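A structural walkthrough
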Amino acid sequence: MTATRPRRSVRLPRSGRPAPRQRSTPRKRLAPGRPPAPRRRTRRAARAGQYAALLGYLLFLGFPLLWLLSTALKSPRELGSLHPAWIPRDPTPANVRQAFAEQPLAHAALNSLLVALGTAVVAVLIATPMAYVMARHRTRLARAATGWVVVSQAFPFVLVIIPLFLVLKNLRLIDSLLGLTLVYVVWALPFALWMLVGHVRAVPVELEEAAAVDGAGRLRTLVSVTAPLLGPGIAATALFAFVTAWNEFFFALVLLKSPGRQTLPVVLTHFIGAEGVADLGPLAAAAFLATLPSVAVFGILQRRITGGLLAGAVKS
Amino acid sequence: MTSVAEARTPPAGERRAAGRRTAGHGTWFLVLPALVPILVFSVGPLLYGILLAFTDAQSGRTAATRWTGALNFRDLLHDTLFWESFRIGLVWAVGVTVPQFLLALGLALLLNQDLRLRGLARALAIVPWAMPEVVVGIMWRLVYNPDAGILNETLRDLGLGAGRDWLSGLATALPAVVVVGVWAGLPQTTVALLAGLQNVPRELHEAAAVDGAGAWRRFRTVTWPALRPVALAITALQLIWNLNSFALVYVLTGGGPGGKTRLPMLFAYEEAFRYGQFGYAAAMGCVLVAVVSVLLAVFLAGRLRGGDEA
């Protein structure tokens, strides 16, 4: 990874990438501006093939989503019919009402929201200083933390969940949203640290040195100089932590027992009965609604996901 | 993903100087808020879990827990159900990771081109990542539904038989959940590979094209060497994540039919929280850790080698 090569961000929709035919090496160019005819034909064929492949991907990725929406809008009578159609004959929002009537969705959504917000705020608050140390200092502790970030990716949850269950039981935090939030915070930390370390590295050290010369203490430097520059990175990290907590299922399934405390993913599984028989319409409607916050957040983050986030990670 | 290796490389000279200047007891104050939860809720439980594997711990038992040495592991060795589950777990992990990688590579290469619809494809490729796993499971249950599902309806329309109950069939259940696994993990892999493709030297690509190298040749000699480290990293991570996967299959089949999709995670979950065998389940976790550690070692070794080449 050399520094001389210009690096382009991953987000390329309208960036100034040279047109494909413009070659940097002018030698061997037979007909300037226009490649010979047979070559152009194969190129056109290749383009067609590429579009066909892209269409295939779009279908594969998109059809389950459309089917979920379609099922959510169908009336119970239509869902019972023999030949299910893509487009509902008379779209009805009745399933949404039915879903809220069948399960305590609003309450579960509130629980999920509390846990997700708590996770996002706490994770960012404790991860930012730590990421700062990991990015700026070469201490043994920073190296150990980096090692933990890697290894934690490989933790089998099943080995962690049993002791976690016992620890939380001793702390009287079992079946509590606070306990779940704490677990989620730690669970979101590796990714949060990884993102934030990249962002801290992007802040020039010279700025901090200037602040130190002007007599600012360490905390003062972090709060007034570095943190504001990290703003976008912190926001993105918080959003990721939010989605992670909002979507999580396994810990919530094990750690929450009272129906009144369960989060949205756990309550969604209650729509599926013991024999796997489900009331399809309300199930689809509830699942669709539960997805909207996550997808909305990812929509905000999309640029960063395909661009900044990984560009920051890959940057050397 | 590469930040891991990056963190290991020595920092630029100026940074080292800055680090030395400010390093000291003040660092603890910044690290402590994160360190305590990590120790209490992550490192601690992991070590505790390994210890539990050598005990006869059970949930809700009044008698004291005793050390049983390697008894749990000896029992595991003869537990054919566990090894069957382990085998299914490996089939699932490899069956998801490999096709997912190939599909993601294709998609990343396409998205790296100047194609129309690319924006739509990028947006759509992110959605499965954003969705809660439970919703992904529910959604595919609707697709696979024998009566109201679109899959059987499409097959009927195409005249390819009357369709079947995909998730309940002994032969079809595992392939059916593998397809869902591929769908759900495609975004992360694609995004990682897309980022990796930015490391491919475009000039070299163009020079090779001018010299008459075909698309495949260019991919092999120019694209792949630059992409290899990222490809290796994301594949290893996906393999590990898939071995640890739980929610998707829990929602889709609950491990059925007849245990045909009972991944090790589901098996251990049932053992621990349905039958209360904490010690035994922890031993299963340890076996999984061992397997994952080997994978991680391969991953890190590959990363370092890749780092040398790049």
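Residues numbered from 1 in each chain as written. Chains lettered and ligands numbered in written order. Predicted model: local features only at pLDDT ≥ 70, side-chain atom pairs only at ≥ 80, totals over all residues. Heavy atoms only, no water.

Below, the discussion takes up the overall build of chain A. A count of helices and strands for chain A gives twelve helices and zero strands. Each helix and strand of chain A, ordered N terminal to C terminal, gives the series α-α-α-α-α-α-α-α-α-α-α-α. Within chain A, the proportion of its 316 residues that are buried is 50%. Contacts in chain A between residues far apart in sequence, at least 24 positions, make up 70% of those at least 6 positions apart. (Helix = DSSP H or I, 4+ residues; strand = E, 2+ residues; numbered from the N terminus. Buried < 20%, exposed > 50% of the residue type's maximum accessible area, 1.4 Å probe, protein only. Contact = heavy atoms within 4.5 Å.)

This part takes up the confidence of the model for chain B. When the pLDDT values of chain B are averaged, the result is 82; 87% of them are 70 or greater. Note on residues 1–23 of chain B: pLDDT is under 50 here. Beyond four places in sequence and across chains, it has 37 contacts. (pLDDT = per-residue confidence, 0-100.)

Another point: the packing of aromatic side chains. Within the structure shown, the criterion is met by 32 aromatic pairs over all chains. Taken together, a centroid distance of 5.8 Å and an interplanar angle of 35 degrees make the contact between Tyr269(B) and Phe273(B) tilted. Taken together, the positions of Tyr269(B) and Phe273(B), both in helix α13 (residues 264–273) and four residues apart, correspond to about one turn of that helix. Overall, Phe273(B) belongs to the partly exposed group, its relative accessible area being 25%. Joined through ring pairs, the aromatic side chains of Phe165(A), Tyr184(A), Trp187(A), Phe249(A), Phe250(A), Phe251(A), Phe246(B), Tyr250(B), Tyr269(B), Phe273(B) and Phe278(B) make up one cluster. Taking NZ or CZ as reference, Arg164(B) lies 5.6 Å from the ring centre of Trp166(B), over its face. (Phe/Tyr/Trp six-rings, centres within 6.5 Å; stacked < 30°, edge-to-face > 60°. Lys NZ or Arg CZ within 6 Å of the ring centre and 35° of its normal.)

Our next topic: the interface of chain B and chain A. Between chain B and chain A, the residue contacts involve 116 residues of the former and 109 residues of the latter. For the pairing of chain B and chain A, the buried interface totals around 10900 Å² over both sides, and the portion due to carbon and sulfur atoms is 73%. At the boundary of chain B and chain A, one finds zero salt bridges. Where chain B touches chain A, the interface holds ten residue pairs in polar contact (both at pLDDT 80 or more). The dominant element in the side of chain B that touches chain A, judged by the number of residues it contributes, is helix α3 (residues 26–52) of chain B, at 20 residues. (Buried area = accessible area lost by both parts, 1.4 Å probe. Salt bridge = Lys/Arg side-chain N within 4 Å of Asp/Glu carboxyl O. Polar contact = N/O pair within 3.5 Å; in protein donor to acceptor, adjacent residues only side chain to side chain.)

Turning to the side chain of Thr128(A), a few remarks are in order. Residues and elements named next belong to chain A. Looking at where Thr128 falls in the secondary structure, it is placed in helix α4 (residues 105–136). Thr128 gets classed as buried once you look at its relative accessible area, which sits at 10%. Residues within four places of Thr128 in sequence aside, it is in contact with Leu196, Leu230 and Ile234.

In this section: helix α7 (residues 133–144) of chain B. All names here are of chain B. Compared with an ideal rise of 1.5 Å per residue, which puts twelve residues at 16 Å, α7 spans 16 Å between its outermost C-alpha atoms and is within 8% of the ideal. Of all twelve residues that make up α7, eleven are buried, and the element is covered over most of its length. Taken as a whole, α7 has its buried residues at Val134, Val135, Val136, Gly137, Ile138, Met139, Trp140, Arg141, Leu142, Val143 and Tyr144. (Expected span 1.5 Å × (residues − 1).)

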